[in-house]
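Coordinates in review
The residues making up each chain are set out below.
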Amino acid sequence: ASVNLRIEPTDRVIGAIAHGFDLARVPKGDELERLEDALEAYGVLVIPNQHHATPAQQIAFSRALGPLELSDMEAALMPGHPEIFVVGNIGKKRVTFSPADDLGELEWHSDHIHLKVRARASLLLARAVPPVGGDTLFACMYSAYDALNAEQQSAYQHLNVVNDVSGLDAYLAEQGLDADAGDGDLVAPAVWPLVRTHPRSGRKALYFGNQVSVDVVGWPRDRTKAFIAELTAHACRPAFRYRHRWQTGDAVLWDNRRVLHAGTPYELNGPAREMHRTTIREIEPTH
Ligand code: OGA
Ligand code: MN
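Overview of the structure. Bear in mind that the values here come from a model prediction, so they are computed numbers and not experimental data.

**Points about the coordination of the manganese ion (ligand 2)**
- Around the manganese ion (ligand 2), the protein supplies His109 (NE2), Asp111 (OD) and His261 (NE2) as donor atoms, at distances of 2.1 Å.
- In primary sequence terms, the donor set of the manganese ion (ligand 2) follows H-x1-D-x149-H. One end of the pair, Asp111, is in the loop between β5 (81-88) and β6 (119-128); the other, His261, is in strand β15 (residues 259-263), with 150 residues separating them in the sequence. Across this residue pair, the class does not change: Asp111 and His261 are buried.

**Here we look at helix α5 (residues 165-174)**
- Every buried residue belonging to α5 is among Val165, Gly167, Leu168, Asp169, Tyr171 and Leu172, and all of these are buried.
- Tucked inside the fold, the buried residues of α5 contact β8 (160-163) and β12 (213-216).
- In the stretch just after α5, Gly176 is the one whose phi turns positive, near 70°.

**Side note on the nonpolar core**
- Of all hydrophobic cores here, the largest spans 45 residues; its most connected members are Met141, Leu194, Leu206, Phe208 and Phe227.
- Beyond its immediate chain neighbours, meaning those up to four positions away, Phe208 contacts His109, Ser110, Ile113, Met141, Leu194, Ser213, Ile228, Leu231, Thr232, Ala235 and Leu260.
- Counting 25 residues, the second largest nonpolar core, distinct from the first, contains Leu5, Leu39, Leu68 and Ala251.

**Observations regarding the environment of Val13**
- With respect to the helices and strands, the residue Val13 is situated in the loop between β1 (6-9) and β2 (16-19).
- Judged by its relative accessible area of 42%, Val13 falls in the partly exposed class.
- Residues Val13 and Ala239, 226 residues apart in the sequence, show an inter-C-alpha distance of 7.7 Å.
- Apart from residues lying up to four places away in sequence, Val13 is in contact with Cys140, Ser143, Ala239 and Phe240.

**With respect to the sheet that holds β1**
- In spatial order, the strands read β1-β2-β3-β14-β6-β16-β5-β4; together these 8 strands make up an open sheet with mixed pairing. Every interior strand has two partners, whereas the edge strands, β1 and β4 (77-78), have only one.
- Where β2 and strand β3 (residues 44-47) come together, 2 bridges link them in parallel fashion. Across the sheet, residue Ala16 finds its bridge partner in β3, namely Leu45.
- Here helix α2 (residues 55-63) sits on the sheet in contact with β3, β4, β5, β6 and β16 (274-281), set at roughly 105° to β5.

**Topic: the pairing of β15**
- When you tally the buried positions in β15, you get 5 out of 5 residues, the bulk of the element.
- Here β15 shows a buried face lined by Val259, His261 and Gly263 and a second buried face lined by Leu260 and Ala262.
- As judged from the 5 bridges shared by strand β7 (residues 136-140) and β15, these two strands associate in the antiparallel manner. Residue pairing across strands places Leu137 opposite Ala262, the latter belonging to β15.

**A look at the site of ligand 1**
- In the neighbourhood of ligand 1, the contacting residues comprise Val87, Phe97, His109, Asp111, Leu124, Thr136, Trp254, His261, Gly263, Arg273 and Arg277.
- Within the side chain of Thr136, an N or O atom sits 2.7 Å from an oxygen atom of ligand 1.
- Arg273 places a side-chain nitrogen or oxygen 2.8 Å from an oxygen atom of ligand 1.
- For ligand 1, whose accessible area on its own is 290 Å², the fraction buried by protein is 100%.
- Broken down by class, the residue content of the shell around ligand 1 amounts to 4 nonpolar, 4 polar and 3 charged.

**Some thoughts on α2**
- Buried within α2 we find Gln58, Ile59, Phe61 and Ser62. One side of α2 carries all its buried residues, which in axial view fall inside an arc of 165°.
- As for α2, its buried residues are in contact with α1 (29-42), β3, β5, β6 and β16.

Calculation rules
- Residues numbered from 1 in each chain as written.
- Chains lettered and ligands numbered in written order.
- Predicted model: local features only at pLDDT ≥ 70, side-chain atom pairs only at ≥ 80, totals over all residues.
- Heavy atoms only, no water.
- Donors = N, O, S within 2.8 Å, 3.2 Å for Na, K, Ca; no water.
- Helix = DSSP H or I, 4+ residues; strand = E, 2+ residues; numbered from the N terminus.
- Buried < 20%, exposed > 50% of the residue type's maximum accessible area, 1.4 Å probe, protein only.
- Contact = heavy atoms within 4.5 Å.
- Core = buried A, V, L, I, M, F, W, Y, C linked by side-chain atoms within 4.5 Å.
- Pairing = 2+ DSSP bridges.
- Axes fitted to C-alpha atoms, helices over the stretch in contact; angles between N-to-C directions.
- Near = heavy atom within 4 Å.
- Polar contact = N/O pair within 3.5 Å; in protein donor to acceptor, adjacent residues only side chain to side chain.
- Areas by Shrake-Rupley, 256 points an atom, 1.4 Å probe, with all protein chains shown as cover.
- Nonpolar A, V, L, I, M, F, W, Y, C, P; charged D, E, K, R; others polar.
- Arc of directions from axis to C-beta.

This is the structure in structure tokens:
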């Protein structure tokens with residue numbers, strides 16, 4: 001059967017609408033290649049109108065991109081489908097990646113950066129969306145790297161960053177939210193180079209999180225803090241962003257190797273926000 005696939009770029013430096021894909025149909029062959037190419041080229045792909053997809057179909061679709069990784073927040077795994085991590089303000093455990101209100105700092109991150117096995121890509125399907133708030137921001141880390149001056153580019157190649165869940169817990173506590181970002185505190189922090197080369201494009205991208213990256217190896221903590229704050233302002237500037245305003249049924253697939261993302265505020269005790277995430281494991285070499 002021939003399907004009509006069409007990639008419609010946004011007017012931002014990242015992001016595209018991927019028309020014609022269906023979470024209920026596992027992509028194979030040319031269709032999978034189109035998806036991989038578009039994911040690499042645009043960093044963030046919106047696949048609209050996926051209300052009909054079941055959890056099992058979301059899992060099967062995601063597996064076409066690689067093996068899945070479970071979240072370490074056990075209370076947020078979907079019963080019967082632990083590959084689905086339930087994010088939002090519903091269920092047994094509220095899982096949020098958003099500041100408590102408009103004055104709160106964003107939490108820019110790449111999924112599973114604080115773990116030994118990182119997330120190559122994530123797929124988030126909106127099941128319930130509040131009328132106000134809860135947009136998700138994405139920022140292009142190719143643009144962020146390319147916009148550094150030559151000296152910064154060569155200096156940053158040598159920096160290694162310590163990514164620790166304690167940084168996320170501190171952020172949540174500051175926002176007055178449950179200070180539990182998962183069991184990452186049971187494992188040693190993950191140290192990754194600040195600059196990584198994308199295995200598909202060969203392009204360089206910055207790789208850090210503004211709350212989770214707590215140390216630059218060999219630096220005092222206050223120097224790291226100032227550096228990460230400046231780096232965030234540089235890398236996640238509005239010109240490098242795509243902002244996704246969710247509609248129910250939107251599936252958004254992003255490449256954690258070349259974009260950062262951050263949630264925006266919504267009412268935690270308000271209308272339901274229910275998002276289902278599948279997480280595709282990193283299987284490429286670690287640099
Ligand atoms: C995530 C995440 C942001 C949001 O699910 O990994 O960061 O807006 N979500 O819910
Ligand atoms: Mn995330």
